Amino acid sequence: MTRTAQRRARFYRVEVAYNLFGEYSVMREWGPKGRGGQHLLVWFSNLRDACMAAERWRKRAMRRGYVIEGTTE
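Residues numbered from 1 in each chain as written. Predicted model: local features only at pLDDT ≥ 70, side-chain atom pairs only at ≥ 80, totals over all residues. Heavy atoms only, no water.

A. Looking closely at the packing of aromatic side chains. Under the counting rule described, the total for this entry stands at 3 aromatic pairs. Their ring planes at 50° and their centres at 5.4 Å tell us that Y12 and Y66 sit as a pair that is tilted. Within this pair, whereas Y12 is found in strand 1 (residues 10–18), its partner Y66 is found in the segment after helix 2 (47–63), the two being separated by 54 residues in sequence. Note on Y18 and Y24: the rings are 4.8 Å apart at their centroids and 50° apart in plane angle, and the pair reads as tilted. Members of the aromatic cluster, each reached through a chain of ring pairs, are Y12, W30 and Y66. (Phe/Tyr/Trp six-rings, centres within 6.5 Å; stacked < 30°, edge-to-face > 60°. Helix = DSSP H or I, 4+ residues; strand = E, 2+ residues; numbered from the N terminus.)

Rendered as structure tokens:
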């Protein structure tokens, strides 16, 4: 892998979770592979809104060049 390719090796993760307080959260995490990245946690009162937000963020990441791990797209 070239130095430029190594610099561009990044990850982006979107995760929906249910917490003990009856809320749903969407955690986004991003950064260079192999290192600690940044993260952001957003709470929602219902699963539908949390899933819709997660899908929007996933689509945005795909437009920016991220690919789903294990695919060749």
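The rest of the description comes next.
B. Inspection of the pattern of salt bridges at higher detail. Applying the stated rule across the entire model yields 3 salt bridges. One salt bridge connects R13 with E15, and the closest N-O pair in it is separated by 3.3 Å. R13 gets classed as partly exposed once you look at its relative accessible area, which sits at 37%. Its relative accessible area of 36% is what places E15 among the partly exposed residues. The shortest N-O distance in the salt bridge between R13 and E29 comes to 2.9 Å. Residue R13 is located in strand 1, and its partner E29 is located in strand 2 (residues 24–32); the two are separated by 16 residues in the primary sequence. The network of salt bridges with shared partners includes R13, E15 and E29. (Salt bridge = Lys/Arg side-chain N within 4 Å of Asp/Glu carboxyl O. Buried < 20%, exposed > 50% of the residue type's maximum accessible area, 1.4 Å probe, protein only.)

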